[in-house]
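# Tertiary structure, described
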Amino acid sequence: MAILNTNKRPLVNDRDELVFIGIDLPFRKSDGTEGWFASTSYSIDAVKQNVKLLLQTRKGERLMQPNLGLDLHKFLFEPFTDDLVLSIENDITETFGAWLPFVTIQDISIDMSESTDDISNNTLSIQIVFNLTQDPLMLASITTTITADGAEVTDNPTTTTINDNIINNTGG
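The structure displayed is predicted, hence computed values, not measured ones.

### What to know about the overall build of the protein
Helix and strand content of the protein: 2 helices and 8 strands. Going residue by residue from the N terminus, the α and β elements of the protein occur as β-β-α-α-β-β-β-β-β-β. Counting the 172 residues in the protein, one finds 34% classified as buried. Of the contacts formed within the protein by residues at least 6 apart in sequence, a portion of 43% connects residues at least 24 apart. Element-wise, carbon and sulfur atoms account for 51% of the exposed surface of the protein, whose accessible area totals about 10700 Å².

What follows is the structure, given as structure tokens:
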């Protein structure tokens, strides 16, 4: 039986920086050799873009893809309970399983701030730590903040590499 050696780095080998994987968002003109639009050179960066887009897409928003996306905005005005946290985690896990099966979620942190003065100031914050299934040693994280005005997804700029119980942080 074959044994996967997870101590070797990298398991996903993006060897050629002149091969581009996806379009970097937001759209902007490229300054380099990747073509008209700025592009991503590394698999983990392309997956971060996929995760961002999935978190910002509401179910039913995409034509001919009624199940694509998440209905995170529906949780914004609900009472913050353990059942609500479990429901949000289940929605995220099921959606990632269907649309991003190559991503393994390591951790989901959910926080809510409720305003008693103005209901439009309620905020739901979700941080997702994930990795590519093929590369369990490379962790990335995305934070999404949902308000009454919409959703904002921020890319946490640190990608963490776990190797021999040592954590190295690199920008990216």
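Anyway, onward from the coordinates.
### What about the pairing of strand 4 (residues 123–132)?
The element strand 4 is extensively covered by neighbouring structure, given that 8 of its 10 residues are classed as buried. Bridging between strand 3 (residues 103–113) and strand 4 involves 10 bridges; their strand directions are antiparallel. Each residue of the ladder has a partner; that of I110, found in strand 4, is I126. Inspection of the sheet shows strand 4 paired to strand 5 (residues 135–147) by 9 bridges, in the antiparallel sense. Following the sheet pairing, I128 is matched in strand 5 by I142. Linking strand 4 to strand 5, which pair antiparallel, is a turn of 2 residues.

### Quick word on the nonpolar core
Core analysis: the largest hydrophobic core is formed by 29 residues, its most contacted members being L72, I88, I92, F96, L124, I126 and F130. Counting only elements with at least two residues in this core, the list comes to helix 1 (43–56), helix 2 (82–99), strand 3, strand 4 and strand 5. Among residues more than four places away in sequence, those in contact with L124 are L72, F75, L76, I88, I110, D111, M112, T144, T145 and I146.

### Some details on helix 1
In this model helix 1 runs 20 Å from its N-terminal to its C-terminal C-alpha over 14 residues, within 8% of the 20 Å that 1.5 Å per residue would give. Buried residues dominate helix 1, accounting for 10 of its 14 residues. Every buried residue of helix 1 is listed here: S43, I44, A46, V47, K48, Q49, V51, K52, L54 and L55.

### Here we look at the environment of D45
In this fold, D45 is placed in helix 1. For D45, a relative accessible area of 22% puts it in the partly exposed group. For the pair D45 and A140, spaced 95 residues apart in the sequence, the C-alpha separation amounts to 9.0 Å.

### Details of the packing of helix 1 against helix 2
Running from amino to carboxyl end, helix 1 crosses helix 2 at an angle of 125°, the nearest separation of the two axes being 12 Å. Between helix 1 and helix 2, the angle falls in the class oblique. Seen from above, helix 1 lies across helix 2 with right-handed handedness. The residues of helix 2 that touch helix 1, namely those facing V51, L54 and L55, are T95, F96 and W99. Looking at the contact of helix 1 with helix 2 residue by residue, the classes come out as 5 nonpolar, 1 polar and no charged.

So, how was this worked out
- Residues numbered from 1 in each chain as written.
- Predicted model: local features only at pLDDT ≥ 70, side-chain atom pairs only at ≥ 80, totals over all residues.
- Heavy atoms only, no water.
- Helix = DSSP H or I, 4+ residues; strand = E, 2+ residues; numbered from the N terminus.
- Buried < 20%, exposed > 50% of the residue type's maximum accessible area, 1.4 Å probe, protein only.
- Contact = heavy atoms within 4.5 Å.
- Areas by Shrake-Rupley, 256 points an atom, 1.4 Å probe, with all protein chains shown as cover.
- Pairing = 2+ DSSP bridges.
- Core = buried A, V, L, I, M, F, W, Y, C linked by side-chain atoms within 4.5 Å.
- Expected span 1.5 Å × (residues − 1).
- Axes fitted to C-alpha atoms, helices over the stretch in contact; angles between N-to-C directions.
- Parallel < 35°, antiparallel > 145°, perpendicular 65-115°, else oblique.
- Left-handed = near helix turned anticlockwise from the far one by under 90°.
- Nonpolar A, V, L, I, M, F, W, Y, C, P; charged D, E, K, R; others polar.

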